[in-house]
Amino acid sequence: MVSVRRGKKMRNTSNTKKIATFLVSTPITRLLYMGGALAVVHLYISLSYINLKMETAAVEGENAIMDNDGRVILYLHIGKTGGTTLDQVFRSNCEWNELNKPPLRVKNCYSALPKKEIPLSSLISQTVHFTVQHRDGDHAMQSIKTAIQRKNVTSFLFTLRNPIDRAVSAFNMQHIDNTLRWPKRYMSEQHLRINFYHDCFQTIEDLAMVLGRRRGNTTYVDKVTNETQDCYMLGKQAIRGRAGHIFQGGPHLFYNYGRYHYETIRAYPEKEVMVVRTEHLWDDIARLNVALGGNKSDISEEMKRRTATYESEKRPVHSGLSMEGKAILCCYLSGENEIYEDILRRAINLNEDEKRAYLLGGLYADCGIFKEYKPMEEYWAGIRRTNSNGGQIEWGKFQKDEERCSRYNL
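Basis of the calculations
- Residues numbered from 1 in each chain as written.
- Predicted model: local features only at pLDDT ≥ 70, side-chain atom pairs only at ≥ 80, totals over all residues.
- Heavy atoms only, no water.
- Helix = DSSP H or I, 4+ residues; strand = E, 2+ residues; numbered from the N terminus.
- Buried < 20%, exposed > 50% of the residue type's maximum accessible area, 1.4 Å probe, protein only.
- Contact = heavy atoms within 4.5 Å.
- Areas by Shrake-Rupley, 256 points an atom, 1.4 Å probe, with all protein chains shown as cover.
- Axes fitted to C-alpha atoms, helices over the stretch in contact; angles between N-to-C directions.
- Parallel < 35°, antiparallel > 145°, perpendicular 65-115°, else oblique.
- Left-handed = near helix turned anticlockwise from the far one by under 90°.
- Nonpolar A, V, L, I, M, F, W, Y, C, P; charged D, E, K, R; others polar.
- 1 Å grid on protein atoms, 1.4 Å probe; cavity = no way out; pocket = protein on both sides within 12 Å on 5 of 7 lines; lining within 4 Å.
- Points joined across faces, edges and corners; volume = space filled by probe spheres on them.
- Disulfide = S-S within 2.5 Å.
- Phe/Tyr/Trp six-rings, centres within 6.5 Å; stacked < 30°, edge-to-face > 60°.
- Lys NZ or Arg CZ within 6 Å of the ring centre and 35° of its normal.
- Salt bridge = Lys/Arg side-chain N within 4 Å of Asp/Glu carboxyl O.
- Pairing = 2+ DSSP bridges.

Engineer: Please provide a residue-by-residue account of the overall build of the protein, values included.
Structural biologist: The number of helices and strands found in the protein is 20 helices and eight strands. When each of the 410 residues of the protein is scored for burial, the buried share is 49%. Restricting to contacts in the protein with at least 6 residues of sequence separation, those with at least 24 account for 73%. When the accessible surface of the protein is totalled, it reaches about 21,400 Å², and 52% of it is carbon and sulfur.

Engineer: Give me the packing of helix H3 (residues 91-100) against helix H4 (residues 103-112): which residues, what numbers.
Structural biologist: Contact geometry of H3 with H4 gives a least axis separation of 9 Å together with a crossing angle of 170°. With respect to each other, H3 and H4 are oriented roughly antiparallel. Mapping the contact onto sequence places Asn93, Cys94, Glu95, Asn97 and Glu98 in H3 and Arg105, Val106, Cys109 and Tyr110 in H4.

Engineer: So what's going on with the packing of helix H9 (residues 204-211) against helix H10 (residues 231-239)? Residues and values would help.
Structural biologist: One way to put it is that H9 packs onto H10 with a least axis distance of 9 Å and a crossing angle of 110°. The angle between H9 and H10 places the two elements in the roughly perpendicular class. In the crossing of H9 with H10, the sense of the turn from one axis to the other is left-handed. Across the interface between the two elements, Leu207, Val210 and Leu211 from H9 touch Cys231, Tyr232, Gly235, Lys236 and Ile239 from H10. A per-class count over the contact of H9 with H10 returns six nonpolar, one polar and one charged.

Engineer: Summarise empty space enclosed by the protein; cite the residues concerned and give the values.
Structural biologist: According to the stated counting rule, one finds two cavities of 30 Å³ or more in the structure shown. Looking at the largest cavity, its volume works out to about 50 Å³. Contributing to the lining of the largest cavity are Pro163, Arg166, Ala167, Ile239, Leu253, Asn256, Leu333 and Glu336. Looking at which element gives the most residues to the lining of the largest cavity, the answer is helix H7 (residues 163-174), with three residues. Considering only residue class, the lining of the largest cavity consists of five nonpolar, one polar and two charged. Considering only enclosed or pocket space, the second largest cavity measures out at about 30 Å³ in volume. What lines the second largest cavity is Gln237, Ala238, Gly241, Arg242, Ala243, His245, Ile246, Gln248, Gly249, Gly250, Leu253 and Phe254. For the lining of the second largest cavity, the elements supplying multiple residues, two or more each, are H10 and helix H11 (251-254). Considered class by class, the residues forming the lining of the second largest cavity number five nonpolar, six polar and one charged.

Engineer: Account for the environment of Leu86, naming residues and giving values.
Structural biologist: Examined against the element boundaries, Leu86 turns out to sit in the loop between strand S1 (73-76) and H3. You can call Leu86 buried: its relative accessible area is 0%. Leu86 sits 222 residues away from Ala308 along the chain, and the two C-alpha atoms are 8.6 Å apart.

Engineer: Talk me through the state of the cysteines; I want residue IDs and the actual numbers.
Structural biologist: Applying the stated rule across the entire model yields three disulfides. Here Cys94 is linked by a disulfide to Cys109, with a sulfur-sulfur distance of 2.1 Å. On the S-S bond that ties Cys94 to Cys109, the torsion sits near -85°, and the link is left-handed. Remark: Cys109 occurs in helix H4 and Cys94 occurs in helix H3; sequence separation between them is 15 residues.

Engineer: Give a description of the packing of aromatic side chains that names residues and reports values.
Structural biologist: Evaluated as defined, the whole model comprises twelve aromatic pairs. For the ring pair Phe171 and Phe196, a centre distance of 6.2 Å and an interplane angle of 50° mean the geometry is tilted. Linking Phe171 in helix H7 with Phe196 in helix H8 (residues 190-200), this pair joins segments that are 25 residues apart in sequence. For the pair Phe171 and Phe196, a shared accessibility class is recorded, and that class is buried. Between Phe254 and Tyr255, the ring centres sit 5.0 Å apart and the planes meet at 90°, which makes this aromatic pair edge-to-face. Here Phe254 matches Tyr255 in class, with each residue buried. Grouped by ring-pair contacts, the aromatic residues Phe130, Phe254, Tyr255 and Tyr260 constitute a single cluster. If you follow Arg277 out to its NZ or CZ, it ends over the ring of Tyr358, 5.3 Å from the centre.

Engineer: Tell me about the pattern of salt bridges, and please be specific about residues and values.
Structural biologist: According to the stated counting rule, one finds 14 salt bridges in the structure shown. Here Arg91 makes a salt bridge to Glu117, at a shortest N to O gap of 2.8 Å. Here Arg91, found in helix H3, pairs with Glu117, found in the loop between H4 and helix H5 (119-123); they are 26 residues apart in sequence, far enough to count as distant. Across the salt bridge formed by Glu302 and Arg306, the nearest N and O atoms sit 2.8 Å from each other. Taking relative accessible area as the criterion, Glu302 reaches 45% and is therefore assigned partly exposed. A single salt-bridge network, built from bridges that share partners, covers Arg91, Glu95 and Glu117.

Engineer: Describe the sheet that holds strand S2 (residues 124-128), and please don't skip the residues or the numbers.
Structural biologist: Taking strand neighbours across the sheet as the criterion, the four strands line up as S2-S1-S3-S6 in an open arrangement whose pairing is parallel. Here the strands that pair on one side only, and so sit at the sheet edges, are S2 and strand S6 (272-277). Each strand of the sheet is rotated relative to its neighbour by a mean of 20°, with strand direction disregarded. As paired strands, S1 and S2 are joined by four bridges and run parallel to one another.

So, in structure tokens, the structure goes:
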């Protein structure tokens, strides 16, 4: 639950008798009475200010100002969701950079921060983000639990992106032809990337077509064991974040929604959840900041024009997906889709209409669920079932939908 500050109507209790008493009272009593009157005026001004802030927040899509007493936020920067762009507003991102990035990156991060820290940033105790440096999955995930316990975290903030789009971006970013300056310390494992990107999947559409059985048996020869392996099994495990090695598909497929969700919402379902959608990044940041006590002017137009792209537009591989490719990946990512939707639906900073429109125009459209934008209930009614905890499992049933996914032998 979110605490809310609400203005209360003030009653005017003044009357002729009280005025007369004040006029004939002793100096000490008169001072006390004046002090009380000043306190009332101060309270009125304070409540007027809060109401003004609430109106500002409402214009931005919020209904009230969140009470920040005791709120401690952990920011979960899931790869390829726009989190690096937020280096210019989140102090905790710069602190993460200090531990994981070169000095110049750290310097640039701190220099981009506003002179006065915005309220949202001040409430974030730590940023959690996993990249190629964090190859020990279990150890990396344990650090989330440690942060939650040590910082007394009350809230989770996620950056969210349509899982299909996130998978495409992750694939392209780590493509061997896009990362020619691969660190020397990882060269001994370069064969894993050659097998994945050159021998099996030159593009993300190749990956989708292999998973969709649109091509014959595709194999590769392991450069170390000299054994023939199945590209289908390699792609199936990689897209789901279950590859045997982090370089088989890259760290951002490996560290997916499922891994972050397991250590946060699944372990601590009572904690509040806030989200920033990649597709509405700066609007969501600005609104959330206002709701947490900030001003609309905290997020400047100059900030909004800066986007961290890693110069992806200059890289040779820009692969994308056909509608069929999206539909195929949707089946294989059904587990990710369910977690993504769960995080979104828990968000306290978006209303139900926003959540619905976001799903309809993004993930559901990619998965071919709502070609005519029918009400959600009309589609899910026939495939819902209840799990042991009483919750609705929808994407698990979608995966078994004969007209959609079962033919892929998931």
